[in-house]
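The lines below spell out each chain.
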Amino acid sequence: MTQADIDAVVAVLRSDFLTQGPAVAQFEQAVASTVGARHAVAVNSATSALHVACMALGLGKGDRLWTVPNTFVASANCGRYCGADVDFVDIDPFTWNLSVPALRQKLERAKRERLLPTVLVPVHFSGQPTDQEEIWDLAQTYGFKVP
C-alpha cells in the first residue's frame, strides 16, 4: 500500500460521499478499462455481485440455478432473488469443492428429464479453486452459464 493509496482513501472519507460519488464512478471506469469491458458495476458485497450477475445472465422464473450445499446462502439466494429454482450438486470429499463427476452425472440425468440448469454457481472453497476448465467444457456441452 502506498501513500497515494492512503491519501485516496482519506480524501473519500473527508468528502461528502462516503458510499457513493465520483470515486465510485472512477473506480468502475478503471476496472472496466483494466479488464477490457464496456462497463463495470461496483456493489457492496459478494451477495449483491452474485445477484447482479444472475440478473445479467437473464436468470428468472422457471429457470434453474445449481450450486453446492456447503456455501454461504448467497450462492443459492442469488437465484431465488431472480425467481429461479435452486438445486445442489454434491461436493468432492477431498477438496470440498463441487464434484465434477457428480455434476456430469446430474447433468446427464437432467438432460434426459429436460431439467438442465440455466446457471451454475461453482464455489471455490477455502481458497481451493474448482476445476473451472472441466466446468467450462460441461457448460459448452449442456448450455448453462457460469457467472
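Before going into details, it helps to say that this report is about the structure given with it. (Residues numbered from 1 in each chain as written. Predicted model: local features only at pLDDT ≥ 70, side-chain atom pairs only at ≥ 80, totals over all residues. Heavy atoms only, no water.)

Digging into the pairing of strand E2 (residues 85–88)
Sheet analysis places strand E1 (residues 64–67) next to E2, joined by four bridges and oriented parallel. Bridging from a neighbouring strand, Thr67 pairs with Phe88 of E2. In this region the chain leaves E1, passes through helix H4 (residues 74–81) and returns to the parallel neighbour E2; the handedness of that crossover is right-handed. (Pairing = 2+ DSSP bridges. Helix = DSSP H or I, 4+ residues; strand = E, 2+ residues; numbered from the N terminus. Right-handed = clockwise from strand over helix to strand, strands pointing away.)

Comments concerning the pairing of E1
As paired elements, E1 and strand E3 (residues 119–121) share three bridges and run parallel to each other. Counterpart to Thr67 in the pairing with E3 is Val121.

Overview of the environment of Glu134
Secondary-structure assignment places Glu134 in helix H6 (residues 132–142). Relative accessible area serves as the criterion here: at 31%, Glu134 is assigned to the partly exposed category. Glu134 sits 30 residues away from Arg104 along the chain, and the two C-alpha atoms are 9.7 Å apart. Among residues more than four places away in sequence, those in contact with Glu134 are Val100 and Arg104. (Buried < 20%, exposed > 50% of the residue type's maximum accessible area, 1.4 Å probe, protein only. Contact = heavy atoms within 4.5 Å.)

Some details on a nonpolar patch on the surface
Side chains of Val41, Val43, Val52 and Met55 sit close together on the surface and give an oily, nonpolar patch of about 340 Å² of accessible area. With respect to the secondary-structure elements, Met55 resides in helix H3 (residues 46–56). (Patch = residues over 30% accessible without salt bridge, like charges linked within 9 Å, V, L, I, M, F, W, Y side chains within 5 Å. Areas by Shrake-Rupley, 256 points an atom, 1.4 Å probe, with all protein chains shown as cover. Salt bridge = Lys/Arg side-chain N within 4 Å of Asp/Glu carboxyl O.)

Brief notes about the nonpolar core
Ranked by internal contacts, the top residues of the largest apolar core, which has 16 residues, are Leu98, Leu103, Leu120, Ile135 and Phe144. Counting only elements with at least two residues in this core, the list comes to helix H5 (100–113) and H6. The contact partners of Ile135, leaving out residues within four places of it in the chain, are Leu98, Val100, Leu103, Leu120, Pro122, Thr130, Phe144 and Val146. Counting residues in hydrophobic clusters, the runner-up holds ten residues, among them Leu50, Ala74, Cys78 and Cys82. (Core = buried A, V, L, I, M, F, W, Y, C linked by side-chain atoms within 4.5 Å.)

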